[in-house]
Number of protein chains: 2
Amino acid sequence: MSILMVGSVAMDSVETPFGKAEAVLGGSAIYSSVSASYFTEVQLVAVVGTDFPEEHLALLADRQIDLGGLERAPGQTFRWAGRYGFDLSEPETLETRLNVFEQFRPKVPEPSRDAEFVFLANIDPELQLTVLRQMRHPRLVACDTMNFWIERKREGLERVLEKVDVVIINEAEARQLSGEPNLVRAARRILGAGPDTLVIKRGEYGALMFSNDSIFSAPGYPLESIFDPTGAGDAFAGGFLGYLANTRDLTDEGLRRAVIFGSVMASFTVEDFSLNRLRQLTYPEIEARYKEFKRLAHFEDI
Amino acid sequence: MSILMVGSVAMDSVETPFGKAEAVLGGSAIYSSVSASYFTEVQLVAVVGTDFPEEHLALLADRQIDLGGLERAPGQTFRWAGRYGFDLSEPETLETRLNVFEQFRPKVPEPSRDAEFVFLANIDPELQLTVLRQMRHPRLVACDTMNFWIERKREGLERVLEKVDVVIINEAEARQLSGEPNLVRAARRILGAGPDTLVIKRGEYGALMFSNDSIFSAPGYPLESIFDPTGAGDAFAGGFLGYLANTRDLTDEGLRRAVIFGSVMASFTVEDFSLNRLRQLTYPEIEARYKEFKRLAHFEDI
């Protein structure tokens, strides 16, 4: 089954305590698409400027990503610059130039309107709704969001929550969206607003998945060197949804495995700048790391 | 098998966003002993003042804890006052009065010198060494420590690390002790200093256990209301060591189960002030929560 990914394409400049990368490929739609491409067919809906390098298009084409919905607009590609401290948690944003992304109005190509799985990455909730109106009969829709939209576009975001099946956000966003510091209560409120499933990303601490009758805690993968956390959350969403689109197994067990596949893809992503690690994976490597997660979390029943 | 617990007995005054408790029973030796008492025989080595209430002694006796090593010294019992903010992480210490604890020189009663399991809770490393010199042939020794000793008694602490089998500390302490922000590297350094096993407590995020050939990640139990985190780390150590002393299973699988039992005991502890929840548990409740941990962390292999 195929998955439609809608989000940003960016040229990122990133500084971490371990190095620096200038104007490298990034953006939520890119990390999620490349990650999902190891599991299923991916259709990308996004916008780039005329400066977008051919080599990046080649990378996406190499991963068999359908670029029919990738608009090329006059102007520059979205640029983001950020810096991470030693704890590698939230980066300090040094610069954001929206460029062509500012006027982005997602248009889903006719054949992609039948896609059964949809990921609405972190963009304006109004645009997320625009995408949903173009889809004919999605089987599972997931969305991400961020503090900016929670503060400024709450009404639109609430309409998105009513329409999606899965929300994938981080811990701080879950607390902010629900107004609840306690995550169990935060989850109950968010599930009450529409989705059946809430996945809370916790960085090095792993992820929690809540549904109305189950909580799943996935471990973080203990990495000896985390090089650059950029894109980990989107790679997580890509692995999670890519696995679901591939198996179409939406049972609790299937969703739990999907969380682990998401965690696997995030763990590879942070091992290098940009998509340097994520782009050159093999499926056996992905399976091997899944098994490492299994061993990491394993304990016997009593 | 029995376990010897050495640490503090305190009268705690605690404020959280959810309430207040004045001069209630606390201290590392108390939380760890009561927790371990659900699994094995416990011998307590600690000191209290003449003001220590009879009802607290009765509570310990009710839990069948051997009080032969509980010294009653002239003066007041150790008192601590602290306040937690909404995130319930590290408390702000409002007052510490060491009182009789200042002159504590642990004396292990003759019959207890044969104890096979020993927990050296967070006290001066020199005192931890004093205890070890009194033990005849301990099978497994575990210790805790804190920033104060890491900064001021490093030499003594390093001698402790050479002699113990298991170190049980929190994330910040692991980073400070090793001088490594990355936990995998921090663990390798600490294991290099002596112990075979390192357990890193991460509060609501669970725990990591490192040995030379295995890493285990235990989930945190998602609680809807965390009332008071005081004592959770010591209750963890008590459950962990109590289970090991009971089963004498020191294999990797046994240690993993012990981490879960430690997590179970910590999760009960934070549900109420002082030992209000921990003191009135039943073993079936403990087993039921173990099974909840199992379900929480479960995912199928591929």
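Now for a look at the structure at hand.

**Observations concerning the pairing of strand β10 (residues 166-170) of chain A**
Residue and element names in this part refer to chain A.
In step 1: Across the 5 residues of β10, 4 count as buried, placing the element largely inside the fold.
In step 2: The pairing of strand β9 (residues 140-143) with β10 spans 2 bridges and is parallel. Opposite C143, over in β10, you have V167 as the bridge partner.
In step 3: Sheet analysis places β10 next to strand β11 (residues 197-201), joined by 5 bridges and oriented parallel. The residue of β11 that forms the bridge with I168 is V199.

**Focus: the packing of helix α3 (residues 125-134) of chain B against helix α5 (residues 154-163) of chain B**
Residues and elements named next belong to chain B.
In step 1: For the pair α3 and α5, interaxial distance at closest approach is 8 Å and the crossing angle is 35°. Relative to α5, α3 is oriented so that their crossing is left-handed. On the side of α3, the interface is formed by P125, E126, Q128, L129 and L132, while α5 contributes G156, L157, R159, V160 and K163.

**Observations regarding the pattern of salt bridges**
In step 1: Evaluation of the coordinates by the stated rule reveals 54 salt bridges over all chains.
In step 2: A salt bridge links R189(A) to E180(A), with the nearest nitrogen and oxygen atoms 3.8 Å apart.
In step 3: The class of E180(A) is buried, set by a relative accessible area of 14%.
In step 4: Taken together, the shared-partner salt bridges in this structure form one network comprising E171(A), R175(A), R202(A) and E204(B).

**Describing the interface of chain A and chain B**
When the parts come together, some accessible area is lost, and that loss is often what is quoted as the size of the interface.
In step 1: Opposite the 37 residues of chain A that make contact, chain B presents 37 residues.
In step 2: Counting the surface lost from both chain A and chain B, the interface buries some 3,900 Å², and carbon and sulfur atoms represent 52% of this.
In step 3: If you sort the residues of chain A by the area they bury against chain B, E224(A), F299(A) and I302(A) come out on top, with a joint share of 21%.
In step 4: Applying the counting rule to chain A against chain B returns 14 salt bridges.
In step 5: With a shortest N-O distance of 2.6 Å, E300(A) and R257(B) are connected by a salt bridge.
In step 6: If you list the elements that add at least two residues to the side of chain A that touches chain B, you get α6 (171-178), α7 (183-192), β13 (214-218), α9 (252-269) and α10 (283-297) of chain A.
In step 7: By residue number, the principal contributor to the side of chain A that touches chain B is α10(A), which donates 8 residues.
In step 8: Classifying every residue of the side of chain A that touches chain B gives 16 nonpolar, 4 polar and 17 charged.

**Looking at the packing of aromatic side chains**
Residue and element names in this part refer to chain B.
In step 1: Tallying each qualifying case throughout the model produces 29 aromatic pairs over all chains.
In step 2: Note on F18 and F227: the rings are 6.2 Å apart at their centroids and 35° apart in plane angle, and the pair reads as tilted. One end of the pair, F18, is in the loop between β2 (10-16) and β3 (19-26); the other, F227, is in the loop between β13 (214-218) and α8 (232-247), and 209 residues separate them in sequence.
In step 3: Exposure remark for F18: the relative accessible area of 37% places this residue in the partly exposed category.

Thresholds applied
- Residues numbered from 1 in each chain as written.
- Chains lettered and ligands numbered in written order.
- Predicted model: local features only at pLDDT ≥ 70, side-chain atom pairs only at ≥ 80, totals over all residues.
- Heavy atoms only, no water.
- Buried < 20%, exposed > 50% of the residue type's maximum accessible area, 1.4 Å probe, protein only.
- Helix = DSSP H or I, 4+ residues; strand = E, 2+ residues; numbered from the N terminus.
- Pairing = 2+ DSSP bridges.
- Axes fitted to C-alpha atoms, helices over the stretch in contact; angles between N-to-C directions.
- Left-handed = near helix turned anticlockwise from the far one by under 90°.
- Contact = heavy atoms within 4.5 Å.
- Salt bridge = Lys/Arg side-chain N within 4 Å of Asp/Glu carboxyl O.
- Buried area = accessible area lost by both parts, 1.4 Å probe.
- Nonpolar A, V, L, I, M, F, W, Y, C, P; charged D, E, K, R; others polar.
- Phe/Tyr/Trp six-rings, centres within 6.5 Å; stacked < 30°, edge-to-face > 60°.

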